[in-house]
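Here is what each chain is made of, one letter per residue.
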Amino acid sequence: MKMTFPKNPQEVQYFYSPISVLFGIGAISQLGVEAKRLGATKALIVTDKGVVESGLAQDAIEALEAEGIRFMVFDEVEPEPPIRVVDECTKRLKSDQFDIVVGLGGGSVIDTAKAASVLITNDRPISAYFGIDLIEKRGLPKIFIPTTAGTGSEVSRVSIVTDEKEMVKKALFSNFLLADVAIVDPLLTLSMPLTLTADSGIDALVHAIEAYVSKKATRFSDLLALEAIHLIGRSISKAYAKGQDVEARSNMAFASLIAGMAFSSGGLGAVHALAYPLGTEFHLPHGRSNAIMLPHVMEFNLIGNAEKFSDIAKALGEKTEHLSIRESAIRAAEIVKQILNEVSVPFKLKEYDIKQEAIPTLVEGAMKQTRLFAVNPRDLREEDLQEIYQRAW
Ligand SMILES: [Fe+2]
């Protein structure tokens, strides 16, 4: 008898990841070996001035030199990378015979490196590729090395850039954006200043929480997201309190990595949607914008999946045995607020000099992020956005 297979793609779970992931103290020393394995002879190191000044680019350069790989440095990346910077980077790539792109930095750097690595082989302007799987050809080989513990961009298949004309974040999704190799070395995060430790760490927590409660969550993403939440709950305040705490930094670097894998497959949600306008309108860093919106969106989303919010409370270390699912779900948002206090991140808009009159503009900006609403555990109407911003204010 012939089996009839169901033809519902909703039932099929996808998991995306780079081809290889190196994690551990000193992992950056393998950059040259890995580049060589990919057949590279000349690398463009995409980074920013802060990374160069901190001396971290030197570690990458030494690893490339040890294997005789030539290189040039493009250090022009700006935060919340505008399209013009991606175009600049692509131009630099075209200017010489580079055969590999190395992205060394935070999320903005890696997102720029990702986009440039495919724009060099795909002829149309970047605007033609915003959306899902529109990039036609594979780009240059790429190795991504994060210097913060937060964005997870080194393992995701998305690149987010800022359209300065429309003042909106736009995204490219493609398997061609996945790294050939991601190198995550916790030692690179030791010199992160306090605010960056807090902001990027909370960004990772947001990735894990949003992926875990997403309507697109899978068995793969759940595993990774929950472990990331657990590790961040244990380590973010320690890493903030003592920047040289290698164990805490390692936990945060690993959590950021697996939270990146979790959201790459499971998706993000309303925290990111409501945070983006804070970046485009008020130039708050990505992690900080997410941190501000996180507890307010969690409180709104609670009823959409109380069981999973209850799991989050437990993963964050809360004793939940004596609590009902509803009670422990509510605790999840409270513990998040406690963590934000511990790492000195205010989560009220007015504390950032944002006026109440700005709320309609924020609502308008967030309304453009419908792809994120689709997987959020609770539907969002315009009046809901209004209310969440109002509470956040
Ligand atoms: Fe993020």
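Residues numbered from 1 in each chain as written. Predicted model: local features only at pLDDT ≥ 70, side-chain atom pairs only at ≥ 80, totals over all residues. Heavy atoms only, no water.

Colleague: Provide a residue-level description of helix H3 (residues 56-66), including the pertinent values.
Modeller: For H3, the full list of buried residues reads Leu56, Ala57, Ala60, Ile61, Ala63 and Leu64. All buried residues of H3 fall inside an arc of 160° around its axis, so they share one side. Structurally, H3 contributes buried residues whose contacts are with helix H1 (31-37), strand E2 (42-46), helix H2 (49-53), strand E3 (70-74) and strand E4 (100-105). Where H3 ends, the next residue or the one after it, Gly68, has phi of about 70°, a positive value. (Buried < 20%, exposed > 50% of the residue type's maximum accessible area, 1.4 Å probe, protein only. Helix = DSSP H or I, 4+ residues; strand = E, 2+ residues; numbered from the N terminus. Arc of directions from axis to C-beta. Contact = heavy atoms within 4.5 Å.)

Colleague: Report on the sheet that holds E4, specifying residues and quantitative values.
Modeller: Sheets are built from strands paired through backbone hydrogen bonds, the pairs being either parallel or antiparallel. If you walk across this open sheet you meet the six strands as E1-E9-E6-E4-E2-E3, and the pairing is parallel. What marks the edges here is a single partner per strand, and that holds for strand E1 (20-23) and E3. Taking each pair of neighbouring strands and ignoring which way they run, the sheet shows an average axis angle of 15°. Sheet topology note: the strand E6 (residues 142-146)/strand E9 (residues 181-184) ladder contains two bridges and is parallel. Considered in E9, the bridge of Ile143 is made with Val181. Lying over the sheet, H3 contacts E2, E3 and E4, oriented at roughly 160° with respect to E3. Seen against the sheet, helix H8 (residues 246-266) touches E1 and E9 and runs at an angle of roughly 165° to E1. (Pairing = 2+ DSSP bridges. Axes fitted to C-alpha atoms, helices over the stretch in contact; angles between N-to-C directions.)

Colleague: Give me the lowdown on the coordination of the iron ion, citing residues and values where you can.
Modeller: Looking at the iron ion, the protein donor atoms are Asp203 (OD), His207 (NE2), His272 (NE2) and His286 (NE2), and they sit 2.1 to 2.4 Å from it. Within one chain, the residues serving as donors to the iron ion are arranged as D-x3-H-x64-H-x13-H. In this pair, His207 sits in helix H6 (residues 194-213) while His286 sits in helix H10 (residues 286-301), placing the two residues 79 residues apart along the sequence. (Donors = N, O, S within 2.8 Å, 3.2 Å for Na, K, Ca; no water.)

Colleague: Residue-level account of the side chain of Ser214, with values.
Modeller: In this fold, Ser214 is placed in the loop between H6 and helix H7 (219-241). Overall, the relative accessible area of 6% leaves Ser214 in the buried class. Only 2.8 Å separates the side chain of Ser214 from the backbone nitrogen of Lys216, close enough to count as a polar contact. At 2.6 Å, the side chain of Ser214 forms a polar contact with the backbone oxygen of Gly266. With residues near it in sequence (within four places) discarded, Ser214 still touches Gly266, Gly267 and Val375. (Polar contact = N/O pair within 3.5 Å; in protein donor to acceptor, adjacent residues only side chain to side chain.)

Colleague: Outline the packing of aromatic side chains, supporting the account with residue identities and numerical values.
Modeller: Under the defined criterion, the tally for this structure stands at three aromatic pairs. Centroid distance Tyr14 to Tyr16: 5.9 Å. Interplanar angle 25°. Geometry classified as stacked. Here Phe23 and Phe254 contribute two aromatic rings whose centre-to-centre distance is 5.1 Å and whose plane-to-plane angle is 70°, an arrangement assigned as edge-to-face. Pair noted here: Phe23 is in strand E1 and Phe254 is in helix H8, with a separation of 231 residues, a long-range link. Take Phe23: its relative accessible area is 35%, and that puts it in the partly exposed class. Assessed through its relative accessible area of 31%, Phe254 is described here as partly exposed. The ring of Phe300 has Arg378 sitting right over it, with the charged end atom 3.9 Å from the ring centre. (Phe/Tyr/Trp six-rings, centres within 6.5 Å; stacked < 30°, edge-to-face > 60°. Lys NZ or Arg CZ within 6 Å of the ring centre and 35° of its normal.)

Colleague: Let's hear about the sheet that holds strand E7 (residues 158-163): which residues, and what values?
Modeller: Strand order in the open sheet formed by three strands is E5-E8-E7, and the pairing between neighbours is mixed. The open sheet has two free edges, formed respectively by strand E5 (131-132) and E7, since each of these has just one partner strand. With six bridges joining them, E7 and strand E8 (residues 168-173) adopt antiparallel strand pairing. Within E8, the residue paired with Val161 across the bridge is Lys170. Across the face of the sheet, helix H5 (residues 107-119) comes into contact with E7 and E8 while running at roughly 100° to E7.

Colleague: Summarise the domain arrangement of the chain; cite the residues concerned and give the values.
Modeller: Domains assigned within the chain are domain 1 (20-189) and domain 2 (194-392). One C-alpha centre belongs to domain 1, the other to domain 2; they are set 26 Å apart. Of the residues lining the interface, 25 residues belong to domain 1; the matching set on domain 2 comes to 27 residues. Here domain 1 packs against domain 2, burying approximately 2,100 Å² in sum over the two surfaces, 65% of which is carbon and sulfur. Broken down residue by residue, the surface that domain 1 buries against domain 2 is led by Ala149, Met167 and Lys169, which jointly contribute 23%. In this assembly, domain 1 and domain 2 are joined by zero salt bridges. Of all the secondary structure elements, the ones that give two or more residues to the side of domain 1 that touches domain 2 are E1, E7 and E8. For the side of domain 1 that touches domain 2, the leading source of residues is E8, giving four residues. (Domains from an automatic or database assignment. Buried area = accessible area lost by both parts, 1.4 Å probe. Salt bridge = Lys/Arg side-chain N within 4 Å of Asp/Glu carboxyl O.)

Colleague: Would you mind going over the pattern of salt bridges in detail, with residue names and values included?
Modeller: According to the stated counting rule, one finds 23 salt bridges in the structure shown. In this structure, Glu164 engages Arg84 in a salt bridge whose closest nitrogen and oxygen atoms are separated by 3.0 Å. With a gap of 80 residues between them, Glu164 in the loop between E7 and E8 and Arg84 in helix H4 (residues 83-94) connect regions that are remote in the sequence. With relative accessibility at 42%, the residue Arg84 sits in the partly exposed group.

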